[in-house]
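Working through the structure, step by step
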Amino acid sequence: MSLNRNEKAAVVTDVAAQVARSQTLALAEYRGLTVEHLNNLRRQARDKGVYLHVLKNTLARRAVAGTPFEVASESMVGPLIYGFSEDAVAAAKVIADFAKGNDKLIVKAGAYAGKALNAEGVKALASIPTKEVLLAQLAGLLMSPISRTARVLAAVAEKKGGGAEAPAAEAAAA
């Protein structure tokens, strides 16, 4: 059943609002996926904060017109599922991870920071750790010199303190 003009305008408005909040767009061909697989993909996307939607390509092109995602308009051909995310890697990660386990979902293209990505670019973006993991790694790197210095100082103090305490302990035992 096709949408009437008002329904199409509502879809474009809804998608355009999501596009305005997003950093990443990932496109994948879903031909051959069962409803169960699509529901699993949608559940994973919802858990990661990814807006995942099957759209008519003409409506998607209208929604991304004038945005940094417009560079992906040439790739909007065929039966596609669109993933938008506020997190820079979430949409690419959800689609690429699901595609690893299901050969019917084929990563087609994407867009990030105003640049069009091919399938390999989307997979490379998906391989980047999440923001939380990167922050934890940065905190670990910042703590590393401090903790090494503390261990060295503790070892020096133990060595100096251990040498003075040993004769005192021997004198007390005698």
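What you see is a predicted model; the values in this text were computed from it and never measured. (Residues numbered from 1 in each chain as written. Predicted model: local features only at pLDDT ≥ 70, side-chain atom pairs only at ≥ 80, totals over all residues. Heavy atoms only, no water.)

Remarks on the packing of aromatic side chains
- Evaluation of the coordinates by the stated rule reveals 2 aromatic pairs.
- Ring geometry for Tyr 51 against Phe 84: centres 6.3 Å apart, planes inclined by 45°, an arrangement best described as tilted. Of this pair, Tyr 51 sits in strand β2 (residues 50–54) while Phe 84 sits in strand β3 (residues 80–85), and the two are 33 residues apart along the sequence. By the burial criterion, Tyr 51 is buried, and Phe 84 matches it.
- Between Phe 69 and Phe 84, the aromatic rings sit 5.9 Å apart at their centres with planes inclined by 65°, giving edge-to-face as the arrangement. Of this pair, Phe 69 sits in the loop between α3 (57–64) and β3 while Phe 84 is found in strand β3, placing the two residues 15 residues apart along the sequence. Note on accessibility: Phe 69 and Phe 84 belong to one class, buried.
- Among the aromatic residues, ring-to-ring pairing joins Tyr 51, Phe 69 and Phe 84 into one connected group. (Phe/Tyr/Trp six-rings, centres within 6.5 Å; stacked < 30°, edge-to-face > 60°. Helix = DSSP H or I, 4+ residues; strand = E, 2+ residues; numbered from the N terminus. Buried < 20%, exposed > 50% of the residue type's maximum accessible area, 1.4 Å probe, protein only.)

Looking at the pattern of salt bridges
- Under the criterion given, the structure shown has 4 salt bridges.
- Among the salt bridges present, the one from Glu 86 reaches Arg 21, with a minimum N-O distance of 4.0 Å. Remark: Arg 21 occurs in helix α1 (residues 5–21) and Glu 86 occurs in the loop between β3 and α4 (90–101); sequence separation between them is 65 residues.
- With a relative accessible area of 46%, Glu 86 lands in the partly exposed category.
- On the basis of relative accessible area, Arg 21 is assigned to the partly exposed category, the value being 47%.
- Two residues, Glu 29 and Lys 108, come together in a salt bridge whose shortest N-O distance is 3.4 Å. Taken together, the residues span a long stretch of sequence, with Glu 29 in strand β1 (residues 24–29) and Lys 108 in strand β4 (residues 106–112) at a distance of 79 residues.
- Looking at Glu 29, the relative accessible area reads 14%, which means it is buried.
- Lys 108 gets classed as partly exposed once you look at its relative accessible area, which sits at 37%.
- Salt bridges sharing common partners tie together Glu 29, Arg 31 and Lys 108. (Salt bridge = Lys/Arg side-chain N within 4 Å of Asp/Glu carboxyl O.)

Some words on the pairing of strand β5 (residues 115–118)
- Relative to β5, β4 is paired through 4 bridges, and the arrangement is antiparallel. Opposite Tyr 112, over in β5, you have Lys 115 as the bridge partner.
- Where β4 folds back onto β5 in an antiparallel hairpin, the turn is made up of 2 residues, including Ala 113, whose phi is positive at roughly 55°. (Pairing = 2+ DSSP bridges.)

No statement about biological role is implied by the geometric values presented.
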